[in-house]
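# Summary of the model geometry
Listed below are the residues making up each chain.
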Amino acid sequence: MSLPIKKVYLDSRYKRYDSVSNSNCKFELKQPIHLPLKCVAYIDDIQIPHTWYNVSDTNNKLYIRSLNSVNVQNDHIITMDSKNYTLALLATELNTKLSAVFGATLTCSANERRGTISFVSSTGNKHRIYSDEELYSGAIWSDFDWVGGTIDFTNPLSINDVIKVSGQTTYSQLGGTVETGFINLRSIHNIYITSPNLGAFDTLGPRGEQNIVKKVPVSSDWGYVIFDSVVSEHDYIDVSKGYFKTIELVLRDVRGNVIDLNKSHWSLSIVFSMMKEKDI
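First, a word on what this report is: a plain description of the structure on this page. All values reported here derive from a predicted model rather than from experimental measurement. (Residues numbered from 1 in each chain as written. Predicted model: local features only at pLDDT ≥ 70, side-chain atom pairs only at ≥ 80, totals over all residues. Heavy atoms only, no water.)

Turning our attention to the pairing of strand β1 (residues 7–11). Of the two faces of β1, only one is covered, namely that formed by Val8 and Leu10; the face formed by Lys7, Tyr9 and Asp11 stays uncovered. Relative to strand β15 (residues 267–274), β1 is paired through 5 bridges, and the arrangement is antiparallel. Following the sheet pairing, Lys7 is matched in β15 by Val271. (Buried < 20%, exposed > 50% of the residue type's maximum accessible area, 1.4 Å probe, protein only. Helix = DSSP H or I, 4+ residues; strand = E, 2+ residues; numbered from the N terminus. Pairing = 2+ DSSP bridges.)

Encoded structure:
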């Protein structure tokens, strides 16, 4: 059986009116496509602008607890502004946010040579920033009231991947300094294109998801365009006997969050082909 169509070009400018956003799109095809048995598809000619912020509403929360000299406890969720940060700007913003909550008992500064940020507790106070592993566990939160929001234990939207807080954390010493790991201002390394209706759900993602149709490495800096294409003939999607009138595609990060392109547009092509005998 011959292919009814060989290639479909999709551009987020022409998403369906009821699409959630430019990154979460429904595309209405001008004609339905009914594909034959042993048909495969490739995601090709991908162009995605690198226009998301390195700190956005998917990774902008800092979960921090303070203890004073008589062990009076204060728990706060610090929410950072969404923007593109440099190391110095991130340290300045953190210092401003923390000072508004803790006053002079906690300050921070950037170490440009080391690429880190230092948190300094004043004498008589100590602080603890909780890691994602501790946040996901949920067990330690039941007895505490957090100021500044509520915690989603399944997806805390923390900034920890940027400031490199992980594993088992401890309190700073009284009047002590805690230094972060190397600040990661490129928090999205890969874009996962997912689809609820394209493909045979025969992939397995980092979180166990089965609807990923393409992984796109972030190969361009902020403000530039990421280009990606088919690099292996085995990187196909099984679309045998598929029927499509609408195609849904979503751009996600490794944690499953939809990537905010800040109203920029992206495009790709879907190439259809018959499966080769050696691959059957």
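Attention now moves to the nonpolar core. Among the nonpolar cores identified, the biggest contains 33 residues, and Leu249 and Ile270 are the most heavily contacted of them. Looking at this core, the elements that each hand over two or more residues are β1, β2 (24–34), β3 (39–49), β10 (190–194), β11 (212–217), β14 (243–252) and β15. At 5 residues, β3 tops the list of elements feeding residues into this core. Counting 22 residues, the second-largest nonpolar core is a separate cluster that includes Tyr85, Leu90, Leu106 and Phe119. (Core = buried A, V, L, I, M, F, W, Y, C linked by side-chain atoms within 4.5 Å.)

In spatial order, the strands read β2-β14-β10-β11; together these 4 strands make up an open sheet with antiparallel pairing. Each edge of the sheet is formed by a strand with only one pairing partner; in this case those strands are β2 and β11. Each strand axis lies, on average, 20° off the axis of its neighbour in the sheet, ignoring direction. For β2 and β14, the ladder comprises 7 bridges, and the chain directions are antiparallel. Note that in β14 the partner of Asn24 across the bridge is Val250. (Axes fitted to C-alpha atoms, helices over the stretch in contact; angles between N-to-C directions.)

Let us now look at the environment of Ser232. With respect to the helices and strands, the residue Ser232 is situated in the loop between β12 (225–228) and β13 (237–238). Taking the C-alpha atoms as reference, Ser232 lies 9.7 Å from Tyr42; in sequence the two are 190 residues apart.

Turning next to the environment of Ile270. Topologically, Ile270 is positioned in strand β15. Put simply, Ile270 and Gly208 are 62 residues apart on the chain and 24 Å apart in space, counted from C-alpha to C-alpha. Once residues within four sequence positions are removed from consideration, Ile270 is found in contact with Lys6, Lys7, Val8, Leu10, Ala41, Tyr42, Ile43, Leu198 and Ile247. (Contact = heavy atoms within 4.5 Å.)

Once that is clear, we can look at the pairing of strand β7 (residues 116–121). Buried residues dominate β7, accounting for 5 of its 6 residues. Bridge count for strand β6 (residues 106–111) against β7 is 6 bridges, and the pairing is antiparallel. Paired with Cys108 across the two strands is Phe119, which belongs to β7. Bridge analysis of β7 against strand β9 (residues 177–179) gives 3 bridges, and the strand direction is antiparallel. In the sheet register, Val120 faces β9, and the bridge partner there is Thr177.

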